[in-house]
Amino acid sequence: MRDAVIVDAVRTPIGRRNGALSGFHPARLSAHALSALAERNGLDPLTVDDVIWGCVSQVGEQSGNIARIAALAARWPETVPGTTVTRACGSSQQAVSFAAATVISGQNDVVVAGGVEAMSRVPMGSAGTILGQSYPTEVTHRYGVDQFSQGVGAEMVAEKWSLSRTELDEYALRSHALAAAAADSGAFDRQMVPTDTLSQDEGIRRNGSLETLANLKPVFREDGVIHAGNSSQISDGSGALLITTSEYAAKQGWKPIVRVHTAVALGDDPLIMLTAPIAATAKALSRAGLTVDDIGAFEINEAFAPVPLAWQKETGATMDRLNPLGGAIAVGHPLGGSGAVLMTRLVHHMRDNEIRYGLQSMCEAGGMANATILELL
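Residues numbered from 1 in each chain as written. Predicted model: local features only at pLDDT ≥ 70, side-chain atom pairs only at ≥ 80, totals over all residues. Heavy atoms only, no water.

In this structure's numbering, the residues bearing the UniProt feature "active site" (unreviewed entry) are Cys89, His333 and Cys363. The largest pairwise C-alpha distance within this set of annotated residues, which runs over 275 residues, is 12.0 Å, so the set is compact in three dimensions. Filtering out sequence-adjacent residues up to four positions away, cysteine 89 remains in contact with Val56, His333, Leu335, Gly339, Met362, Cys363 and Glu364. Along the chain, cysteine 363 turns up in strand 9 (residues 357-364). Setting aside chain neighbours within four positions, we find cysteine 363 in contact with Cys89, Leu274, Pro277, Ala303, Val307 and Met368. (UniProt positions renumbered as here; feature names shortened; annotations may be inferred. Contact = heavy atoms within 4.5 Å. Helix = DSSP H or I, 4+ residues; strand = E, 2+ residues; numbered from the N terminus.)

Taken residue by residue, helix 2 (residues 66-73) has Ile66, Ala67, Ala70 and Ala71 as its buried positions. Buried residues along helix 2 cover an arc of 140° about the axis, so they all sit on one side. The secondary structure elements touched by the buried residues of helix 2 are helix 1 (26-41), strand 3 (50-54), strand 4 (82-85) and strand 5 (110-118). (Buried < 20%, exposed > 50% of the residue type's maximum accessible area, 1.4 Å probe, protein only. Arc of directions from axis to C-beta.)

Counting 45 residues, the largest nonpolar core has Leu168, Leu274, Ile295, Phe298 and Ile373 as its most contacted members. Contributing elements (two or more residues each) for this core: helix 5 (150-160), helix 6 (165-185), helix 9 (276-288), strand 8 (297-300), helix 10 (306-315), strand 9 and strand 10 (368-376). For this core, the leading source of residues is helix 9, giving 6 residues. Not counting chain neighbours up to four residues away, the residues in contact with leucine 168 comprise Ala158, Leu163, Val225, Ile226, Asn230, Ala305, Pro306 and Leu309. In terms of nonpolar packing, the next biggest core, distinct from the first, is built from 34 residues, Val7, Ile66, Val116 and Leu242 among them. (Core = buried A, V, L, I, M, F, W, Y, C linked by side-chain atoms within 4.5 Å.)

Here it is, written out as structure tokens:
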């Protein structure tokens, strides 16, 4: 029976908006990850059946099927096709799911999955899909609102789970502290493919305090708790994963790191928008025949601090297994690239610490979430 395994996973450093990666066209940024993945694994691009790439804002420089353009920018053979997918912030996690499905079904033998977002060059909201997406009256009337907003959703999550601003700010500081510790320990070294302008994640702050965060004004409600310091950073970045079957990997002399054990997607309330990872996690665990205690590491995207905190309260997962390397509050959230970046972090963390099962989930615009369980090989 065919399976889907991840042979290797790489990512660029994550750059701050208008920072060290802002000069990179998104195709060039993607090509950097593609080229590094091929070079370090002796991958002949001629054997790649498809490049499946996540991208959220498919406008401007990210329009016109960025997956295909990236493969050409990497100087891969013209025979290598590419397709660009979107499931909002989970786009590149969905790309991995699609890649796994095609190799398991026998449609493909080798797929490179990943994603990109150059938010310095294609501003957030330019595709109308992030903070204030335009919906038809059939949808707005259904929910009794004029529009949907992730920021307002984050405030709703904080209120529903009684999360104070202090709790959220403490979690934000935790994210920076864990990311800094991971960077200093070399935990990112094997996964990172530096560019000529950036060798480490650019957004990590080492001198934050509750007093500093207390000076930041709420963004979405005058009396709210969500502000820039406890939200994900606007960023540039890309990640890529080499996916094939165990049989094909053996023929190539590759030693896969993990197999894709279970992959699901689920929808939830689009008004609160950010709670779907809770139900998606339950669905993935049920389908896998596992419990939350079987999972040694969780990557729950830190779009806003209430998201992982509410998820943790509902699932009962222990805090030491939740985002052990920090998250998007510290390193940034390059939208369509984040799913691949998080999975790259998870894959290497599992290998480095001999963790059998890892689970990743991300909240997504429209009230959706992907959840993927990986098993160490």
